[in-house]
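If you want the building blocks of each chain, they are given just below.
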Amino acid sequence: MDVNIKLFLPEIFITLFAFVIIGIDLVMPKGSERKHLARLGIIGSLAAINVLIINSGVTGTTLFGLFIQDGVSIFFKVLFLLTGIVILYMAMLYEEKVKNFKGEFYALILFAVLAMMFMASSNDFISLYVSLEFLAVTLYILACYTKEESASVEAGLKYLITGALASGFLLYGITYLYGATGSTEFTSISRILTGKEMSGFLAIGLILVVTGLTFKIASIPFHVWAPDVYQGAPTPVTALLAAGSKAAGFVILMRVMFTALGSIKPQWVLFISVISASTLLLGNLAAMPQKNIKRMLAYAGIGSAGYLLMGIAAGSVLGSGSVMFYLLAYLFAISGTFLAIVIFYNSEGSDSIDAYAGLSRRSPLLAATLFIGLLSLAGVPPLGGFIAKLYLIAAVVKEGLMWLAVVGVLMAIAAMYYFLLVIKRVYLLPPKVNLPIKIGTVDTALLYSINIATLILGIYPGPFTDWVMEIAKVLFRGN
Amino acid sequence: MITLSHYLILSLILFSIGIAGVLLRRNIIIVLMSLELMFNSINISLAAFSHFLQSMTGRIFVVFTITVAAAEVAVGLAILVAVYRQRKTVYIEELDEMKH
C-alpha cells in the first residue's frame, strides 16, 4: 500500500501543535498566564489552512480507503479550522474566569478540531465511528472543564450519558448495514445497494444509524442534551458545540446518506422529512420562553438542525450545497454572537437575557454584533442566514416536499419572535447601570470582520453559492 | 445448529436490557454498566455477521469498538467522580440544577 502523506498533512500539523502545547504547558510555572499557548494554536490552525489550500488539488483515498480527501472534506476542514481559531481566541478571553487554568484546554480544542477534520474525511464506517467518538470524548472533557462549577460537571455527565446511548444506536445500526451489505466502505455499500430491494436488515440499519447521528446535530430524538449542556458548559465550548460539532455531524450525515445510501433515497426521504419537521417545531417553539441566552441559543440550534435536515431530505446537489452554505453563514453568525456573549460575561458575570437590557447604550459594537448575528440566525435579509434558508426551502420545494417548506417558512417567523425579544432588550429597554463595557483592540477587529463576513454572505452570495454547489457534486459521484 | 438469528436475538435481548438500564436506573454507575452492556451486545452481532459473511471487517470493527467503549466509560467514571465530589450523590434525578 502506498500512503500519500500529502492527503493528511493538515491533520499531522494540528496533531503536532496540540502535543507541543501540552508539552510546553508541563514546563510552565503553575498559575502563570497561558495565553501564548492559544496563540500557538491559532498559528498552527492558520498553517494548516495554508497547507490545505496549497494542496487543494491533491484528492483521493488512502489508508485502505478509510480516509478520503475531496472538495467536500477540504471545504469542511477550512470551516473547522476557522471555527477552531475563533474558539481558541474566545478561550483566551475566558482564561481568567477558570481557577487552576491549564494549557491542556487549548490542546483539547485543537484535538476536537482534529477529530472534526477526520470526520470530514471519513469514507468508511470504521473511520466514521472512531473519529466521531474521538470528537465526543474530547467534548465530554471540555464540557465539564470548569469542574468547580456544579453546572459544568452536570452538563458533562448528561452529555456523556446521552452521547454514549446515541453512539450505541449508531453502532447497532452500522452492524445491520454491515450485515445487509457485507461491507463498511461507503462507495462499495453504494455499489452493492444499487438496484436492490429494501430488506429488513437494511431498514433497521438505516433507522438506527440516522437516530444515532441525530445526537451530533442535536435534532429529535437525541436533542435532550443540548439545552443543559449549552447552558452549563464554558461559553467557548458551547460555541464549539454549536458551530463545529453540528457541522461535523452534518458532513458525516451527508456522506452516509448521499454517498453510501444514495441509491435507496426514495426509502429514506419521508423518514428524514418527519425528523426535520418535528425538530423545526420543537426547537423554535421551545426557544420562546427561555431566560438564559445560552439556553435560548441551544433551542435555536435545534431549530437550525431542522433547517439543515431539510437539505438532507432534499437529497440533491442543491440541497447539500445549501447545507454547506447554511453552515458557513451559521459559523459567522454563531461565532459573532458567542464572542459578544463571552465579552459581556467577562464584564457582567451573567448570561441571563434580562441582563442585556440597554446594551446599545453601554457598548454599541456588542449590540450591533448581537443584532447582526441573531438576525442572521433568524434569517432576515440582507444577511447570510436569509440566503441560506431561502436556498434550503427552494431545495425541498424542488423535490416536491411542499409541506416541509411550509413548516420551514412558518418556523422562520417563530424564530424572528424570540430573537427580536433579545434585540428589544438590547436596544429599547433602559440599562440598569450606565457603565460602558471595555472591548480590546483585537476583539474589536475580530467582531468587525465577523459582522462584515455575515453581511457579505447576505449581500453578495453569488460566488459562494456557486462554489458550494460545485463542491457538492462530489458527493453524488458514486450514483 | 446455531444460526445467525440465534446470535442476533441474543444481541437484541442484551441491547434491550442495556437500553432499559440506561433509561430506567437511577444510579449513574449502573447506567455506565448498562452502556457497557449495550456495546458488548453490539460486538456479539458484529462478530456473528463477520463469521457468517466470511468477512474480516467485522472482527476488526469489534477491536475498535472495545477500545473506544473503554475510553468512553473511563471518561464517564472520571466525570462521575467530579460530580460526586461536589454533590455527594450518584443519583441521576438529583442532577437538575439547570431546569430553573
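As a convention, each chain's residues are numbered from 1 in the sequence order in which they are written. Written order decides the labels, with chains lettered from A and ligands numbered from 1. Residues qualify for local features only when their pLDDT is at least 70, as the model is predicted, and side-chain atom pairs are given and counted only at 80 or more; totals for whole chains, interfaces and linings, by contrast, use all residues. Values shown for side chains rest on all heavy atoms present in the structure; no hydrogens or waters enter the calculation.

Participant: With reference to specific residues and values, describe the overall build of chain A.
Facilitator: For the purposes of this entry, the term helix denotes a DSSP run of H or I that reaches at least four residues, the term strand denotes a run of E that reaches at least two, and both are numbered from the N terminus. Helix and strand content of chain A: 19 helices and two strands. Relative to the 2.2 N^0.38 estimate, which gives 23 Å for 479 residues, the radius of gyration of chain A is 21 Å and therefore close to what a compact globule would have. Counting only C-alpha atoms and orienting by the principal axes, one finds that chain A spans roughly 70 × 55 × 40 Å. When a residue's accessible area, from a 1.4 Å probe over protein chains only, is under 20% of the maximum for its type it is buried; when over 50% it is exposed; and in between it is partly exposed. Here chain A, with 479 residues, has 66% of them falling under the buried criterion. Every residue pair with non-hydrogen atoms within 4.5 Å of one another is taken to be in contact. A sequence separation of at least 24 residues applies to 81% of the contacts in chain A between residues at least 6 apart. Here the accessible surface of atoms and residues is derived via Shrake-Rupley with a 1.4 Å probe, and residues count as covered only by protein chains that are part of the display. Only carbon and sulfur atoms are counted for the fraction: they give 69% of the accessible area of chain A, which is about 16000 Å². When charges are tallied, Lys and Arg are placed among the positive residues and Asp and Glu among the negative ones, while His and the ends of the chain are skipped. Here the site of a charge means NZ on Lys, CZ on Arg, CG on Asp, or CD on Glu. Charged side chains of chain A number 30 positive and 23 negative; the gap between the two group centres comes to 6 Å. Restricting the calculation to C-alpha atoms gives the radius of gyration, and the globule rule supplies 2.2 Å times the number of residues raised to the power 0.38.

Participant: I'd love a proper account of the environment of Ala367 of chain A, names of residues and values included.
Facilitator: Residues and elements named next belong to chain A. Following the sequence through the fold, Ala367 ends up in helix α15 (residues 364-378). Overall, the relative accessible area of 0% leaves Ala367 in the buried class. In this structure the C-alpha to C-alpha distance between Ala367 and Thr194, which are 173 residues apart in sequence, comes to 53 Å.

Participant: So what about the nonpolar core? Which residues, and what values?
Facilitator: Residues and elements named next belong to chain A. Among buried residues, those of type Ala, Val, Leu, Ile, Met, Phe, Trp, Tyr and Cys that are joined through side-chain atoms within 4.5 Å constitute a nonpolar core. In terms of nonpolar packing, the biggest core is built from 221 residues, with Phe76, Met257, Leu261 and Phe419 touching the most fellow members. Sort the elements by how many residues they give to this core and helix α6 (residues 150-181) lands first, with 19 residues. When sequence neighbours within four positions are dropped, the list of residues in contact with Leu261 reads Leu177, Ile189, Leu193, Leu206, Val256 and Trp268.

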